[in-house]
Amino acid sequence: MSLRIVVCVKYVPDATGDRHFAEDLTVDRDDVDGLLSELDEYAVEQALQIADEADDAEITVLTVGPEDAKDALRKALSMGADKAVHVEDEDLHGTDALGTSLVLARAIEKTGYDLVVCGMASTDGTMGVLAAMLAERLGVPQVSLLSEVSVEDGTVTGRRDGDTATEQLQARLPAVVSVTDQSGEARYPSFKGIMAAKKKPVASWDLSDLDIEAEDVGLEGAWTAVEGATERPARTAGTIVKDEGEGGKQLAAFLAERKFI
Amino acid sequence: MAEVLVFVDHVDGAVRKPTLELLTLARRIGEPVAVSLGSGAENTAPALAEHGAVRVLTAEAPEFADYLVVPKVDAVQAAFEAVSPSAVLFPSSAEGKEIAARLAVRIGSGIITDAVDLEAGEEGPVATQSVFAAAFTTRSRVSRGTPVITVKPNSAAVEAAPAAGAVEALEVSFSEKATGTKVVARTPRESTGRPDLTEAAIVVSGGRGVGGAENFPVVEALADSLGAAVGASRAAVDAGWYPHTNQVGQTGKTVSPQLYIAAGISGAIQHRAGMQTSKTIVAVNKDAEAPIFDLVDYGVVGDLFEVVPQLTEEVKTRKG
């Protein structure tokens, strides 16, 4: 039987760009180039490796976002995913984590799945809560923050390196997993992969396809409200010295002056 | 006064510092009621009472250790229903965030993660967050449901405020899904004897400039002379020179110590996101053009293998 894998990915503003907020205090997506969240590349990579080990598997990449978010899907398709689903609706603007998890859960159910793979967090919001929310909404086990993952005989197994211990985890499918940046370098799309991606199907769904009311998502339906955003003042230039044999001692004097020694 | 539920992070009954910070913040918005789960839960009560917990709800069951996250979500939900709090606070650990996320879905409430400050507002608690690699500070609140908020370590100075801390057993009936993810094995991390990275007042980190795992003792020696935690940049971790659990940065840990010393770290955006809110920043780097120097209070352009050992010796001498 075919293993149906859904990878949730996010299109995010490039972290090396000058990110800021729009007037409505949502993330300004117009002024900064977007790209597939780097941490989601690890999720795509692990899905590809799991699919390689399976007799028969199909990988669907799923994203919620504006028109440009298709770029993130294209990247995942060119890495080797089979098909893509893009949920786009102008009423989605300003949707927060809880709303996004609702949209993704409905889309995953509509797609059909045995395994959902997520990155550990997005590189913009960095909340790291989506996999847990999806597992809760889908009513399936979560096997999260894995540095190693494998699927065999309908069971997913993984290693989680926590603060105080390393754990080996196990759950029956269907399940939601999330993987860390320690799970293994993501592959670069090959030229062949990039060409093949252009022919792969990308389905476009809106809120009505998922039976979601507009008031449950978007800025109006958000469960949280941003009241203000201020740019952090740039740090004032400090003292910089060139080491001419006494650099360590000079630094010690500075630390002593600040009462750290 | 409204009660605020506070999730307790402890190891066999020893309460970790971020929970005490959480109690300090919780007192600004209500009366803290602590929820302490798992082995040694009751032993947390004295420390929690000392820091303002009016009540301590405890539950011990093997499920908390044997299965991932869901048993604790069931217990926190039981506490939520018993207390009807005005807010629920968690430490921003991986576990804390996941329990908070699932609870938020269950009770239909908004969630704010990684708050760095918390205060009472007219429409409920207002959380301060540091976003976009600490380039912006936002103030947010939960607008639907009971606020569920996770708070980063080092967000408040711990203040003692003795309270009753009456221990009460929490009745928990586990959901069908509680045993979905089995913890097959658990290997405790070996203690280095150094302070925990996210809690430490001083952090000394090494990066690409350290050049290899065999050179990290240079960084460790400085850390030990200052009683500091050791961190590493992503480049050093990816090269296999230092464990991932010590990684400072966007995909590792965010630290906000009183003093951050970066040795051989250029200061890529990834790293800056993890340390930019440190109070005092110091860097040693050969490259005068390294972006880290834009952030520092004091920088030394020089070979870290000359500068750092000299600094370590000087610290030892001054400390006598």
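Values in this document were obtained by computation on a predicted structure and should not be read as measured data.

### A few points about the overall build of chain A
- Of the regular secondary structure elements, chain A holds 7 helices and 14 strands.
- The dimensions of chain A, computed from C-alpha atoms along their principal axes, are 70 × 45 × 40 Å.
- Across the 261 residues that make up chain A, the buried fraction comes to 51%.
- Of all intrachain contacts in chain A linking residues separated by at least 6 positions in sequence, the fraction that spans at least 24 positions is 71%.
- As presented, chain A carries roughly 11900 Å² of accessible surface, and 45% of it is formed by carbon and sulfur atoms.
- Side-chain charges in chain A split into 25 positive and 51 negative, and the spacing between the mean points of these groups amounts to 5 Å.

### Here we look at helix H5 (residues 94–107) of chain B
All names here are of chain B.
- Relative to the 20 Å expected for 14 residues at 1.5 Å per residue, H5 spans 20 Å between its end C-alpha atoms, a close match to the ideal helical length.
- Most of H5 sits inside the fold, with 10 of its 14 residues counted as buried.
- Burial in H5 covers these residues: Gly96, Lys97, Glu98, Ile99, Ala100, Ala101, Arg102, Leu103, Ala104 and Val105.

### Topic: the packing of helix H3 (residues 97–111) of chain A against helix H4 (residues 130–138) of chain A
Residue and element names in this part refer to chain A.
- Orientation of H3 relative to H4, taken along the N-to-C sense of each, is 55°, at an axis distance of 9 Å. On the basis of their axis angle, the class for H3 and H4 is oblique. The element H3 and its partner H4 pack so that their crossing is right-handed. Contact residues: Ala97, Leu98, Thr100, Ser101, Leu102, Leu104, Ala105, Ile108 and Glu109 in H3; Leu130, Met133, Leu134, Arg137 and Leu138 in H4.
- Of the residues contributing to the contact of H3 with H4, the split by class is 10 nonpolar, 2 polar and 2 charged.

### Some words on the UniProt feature "domain: Electron transfer flavoprotein alpha/beta-subunit N-terminal" (unreviewed entry) in chain B
- In this numbering, the UniProt entry assigns the feature "domain: Electron transfer flavoprotein alpha/beta-subunit N-terminal" (unreviewed entry) to residues 4–187 of chain B.
- Each end of residues 4–187 of chain B is marked by a C-alpha atom, and these two atoms are 34 Å apart; helix forms 28% of the span and strand 34%.

### Quick word on the nonpolar core
- Grouped together as the largest cluster of nonpolar side chains are 78 residues, with contacts concentrated most on Ile5, Val7 and Val156 of chain A together with Leu37, Phe90, Ile111 and Leu170 of chain B.
- Per-element tally for this core: the top contributor is helix H1 (residues 38–53) of chain A, with 8 residues.
- Once residues lying within four places of it in the same chain are set aside, the contact partners of Val156 of chain A are Val143, Val149, Ser150, Val151, Leu169, Gln170, Ala171, Leu173, Ala175 and Val177 of chain A.
- Counting residues in each nonpolar core, the second largest holds 33 residues, with Leu255 of chain A together with Val237, Val300 and Leu304 of chain B among its members.

### Focus: unusual backbone geometry
- Note the cis peptide between Leu173 of chain A and Pro174 of chain A, where omega equals 0°.
- Tracing the backbone shows Pro174 of chain A in the loop between strand S10 (165–172) and strand S11 (175–179).
- Located in the positive-phi region is Asp153 of chain A, a residue other than glycine, with phi close to 50°.
- Structurally, Asp153 of chain A is set in the loop between strand S8 (148–152) and strand S9 (155–161).
- For Asp153 of chain A, a relative accessible area of 68% translates into the label exposed.
- With phi around 65°, Asn154 of chain B is a residue other than glycine that occupies positive phi space.
- When its relative accessible area of 23% is taken as the criterion, Asn154 of chain B is described as partly exposed.

### A look at the packing of aromatic side chains
- Per the counting criterion, the structure on display carries 7 aromatic pairs over all chains.
- Aromatic side chains Phe21 of chain A and Phe136 of chain B sit 5.3 Å apart centroid to centroid with 75° between the ring planes, which places their arrangement in the edge-to-face category. One end of the pair, Phe21 of chain A, is in the loop between strand S2 (11–13) and strand S3 (34–36); the other, Phe136 of chain B, is in strand S9 (residues 136–142), on a second chain.
- Residue classification places Phe136 of chain B among the buried positions, given a relative accessible area of 8%.
- Joined through ring pairs, the aromatic side chains of Phe21 of chain A together with Phe132 and Phe136 of chain B make up one cluster.
- One Lys or Arg, Lys110 of chain A, reaches over the ring of Trp205 of chain A and ends 5.0 Å from the middle of that ring.

### Here we look at the interface of chain A and chain B
- Taken residue by residue, the interface counts 81 residues in chain A and 88 residues in chain B.
- Taking both sides of the interface into account, the surface hidden between chain A and chain B amounts to around 7200 Å²; carbon and sulfur atoms contribute 56%.
- The interface formed by chain A and chain B holds 8 salt bridges in total.
- Between Arg234 of chain B and Asp181 of chain A there is a salt bridge, and its shortest N-O distance comes to 4.0 Å.
- Our count for the contact surface shared by chain A and chain B stands at 47 residue pairs in polar contact (both at pLDDT 80 or more).
- Secondary-structure elements contributing two or more residues to the side of chain A that touches chain B are H1, H4, strand S7 (142–146), S9, S10, strand S13 (224–231), strand S14 (239–242) and helix H7 (247–257) of chain A.
- No other element matches H7 of chain A, which puts 10 residues into the side of chain A that touches chain B.
- In terms of strand pairing, S10 of chain A meets strand S12 (residues 181–188) of chain B through 7 bridges, oriented antiparallel. When the sheet's bridge partners are listed, Glu167 of chain A is paired in S12 of chain B with Arg186 of chain B.

### What about the pairing of strand S6 (residues 115–119) of chain A?
All names here are of chain A.
- The element S6 is largely enclosed, with a buried count of 5 among its 5 residues.
- What you see with S6 is no split at all: Leu115, Val117 and Gly119 on one side and Val116 and Cys118 on the other are buried throughout.
- Where S6 and S11 come together, 5 bridges link them in parallel fashion. Paired with Val117 across the strands is Val177, a residue of S11.

### Considerations on the sheet that holds S9 of chain B
- Across the sheet, which stays open at both edges, the 10 strands sit in the order S13(A)-S9(B)-S8(B)-S7(B)-S10(B)-S6(B)-S1(B)-S4(B)-S5(B)-S11(B) with mixed pairing between neighbours. For this open sheet the edge positions go to S13 of chain A together with strand S11 (166–169) of chain B, each flanked by a neighbour on one side alone. Ignoring strand direction, the axes of neighbouring strands in this sheet form an average angle of 35°.
- Taken together, the 7 bridges between S13 of chain A and S9 of chain B define a ladder with antiparallel strand orientation. Looking at the pairing, Glu231 of chain A lines up with Phe136 of chain B of S9 of chain B.
- Along the sheet, helix H1 (residues 17–29) of chain B makes contact with strand S1 (3–7), strand S4 (31–37), strand S6 (87–91), strand S7 (111–119) and strand S10 (148–151) of chain B, crossing S6 of chain B at roughly 160°.

Rules and cut-offs
Residue numbers here run from 1 along each chain, matching the order of that chain's written sequence. As a convention, the first chain written is A and the first ligand written is 1, with the rest following in written order. For this predicted model, a pLDDT threshold of at least 70 governs which residues receive local features, and a threshold of 80 or more governs which side-chain atom pairs are given and counted, while totals over whole chains, interfaces and linings are taken from all residues. For side-chain calculations, the full set of non-hydrogen atoms in the structure is used, while hydrogens and water are omitted. Under the scheme used here, helices are H or I runs from DSSP no shorter than 4 residues and strands are E runs no shorter than 2 residues, and both carry numbers assigned from the N terminus. Exposure is judged per residue with a 1.4 Å probe applied to protein chains only, and the accessible area is read against the type maximum: over 50% gives exposed, under 20% gives buried, and values in between give partly exposed. Throughout, a contact is declared for two residues whenever any of their heavy atoms are within 4.5 Å. For accessible areas, the Shrake-Rupley method is used with a probe of radius 1.4 Å. Any residue's cover is judged against the shown protein chains and nothing else. For the purpose of charge, His is not counted, nor are the chain termini; Lys and Arg are scored as positive and Asp and Glu as negative. Here the site of a charge means NZ on Lys, CZ on Arg, CG on Asp, or CD on Glu. A helix is expected to reach a length of 1.5 Å times the quantity of its residues less one. Fitted lines through C-alpha atoms serve as axes, helices being fitted only where they are in contact, and the angles separating the N-to-C directions of these axes extend from 0 to 180 degrees. Here roughly perpendicular refers to angles of 65 to 115 degrees, roughly parallel to angles under 35, roughly antiparallel to angles over 145, and oblique to all remaining angles. By convention, the crossing between two helices is left-handed when the near helix turns anticlockwise from the far helix through less than a right angle, and right-handed when the turn is clockwise. Amino acids outside the nonpolar list (Ala, Val, Leu, Ile, Met, Phe, Trp, Tyr, Cys, Pro) and the charged list (Asp, Glu, Lys, Arg) are all regarded as polar, and Gly is one of them. UniProt positions are given in the numbering used here, feature names are shortened, and annotations may be inferred rather than shown by experiment. What is meant by a nonpolar core is a set of buried Ala, Val, Leu, Ile, Met, Phe, Trp, Tyr and Cys residues, joined one to another through side-chain atoms within 4.5 Å. Here is the rule: rings of Phe, Tyr and Trp (six-membered ring for Trp) pair when centre to centre is within 6.5 Å. Planes less than 30 degrees apart are stacked, more than 60 are edge-to-face, and the remainder are tilted. A positively charged side chain is recorded as over a ring if its NZ (Lys) or CZ (Arg) lies within 6 Å of the ring centre. The angle to the ring normal must also be within 35 degrees. Buried area is a sum: the accessible area each of two parts loses on coming together, probed at 1.4 Å, counted once for each and added. Every case where a carboxyl oxygen of Asp or Glu lies within 4 Å of a side-chain nitrogen of Lys or Arg is listed as a salt bridge. Throughout this description, a polar contact denotes any pair of N or O atoms lying within 3.5 Å of each other; where both atoms belong to protein, one of them has to be capable of donating a hydrogen while the other can accept it, and for residues adjacent in sequence the pair is counted only when both atoms sit in side chains. Any two strands are treated as partners once DSSP identifies two or more bridges connecting them.

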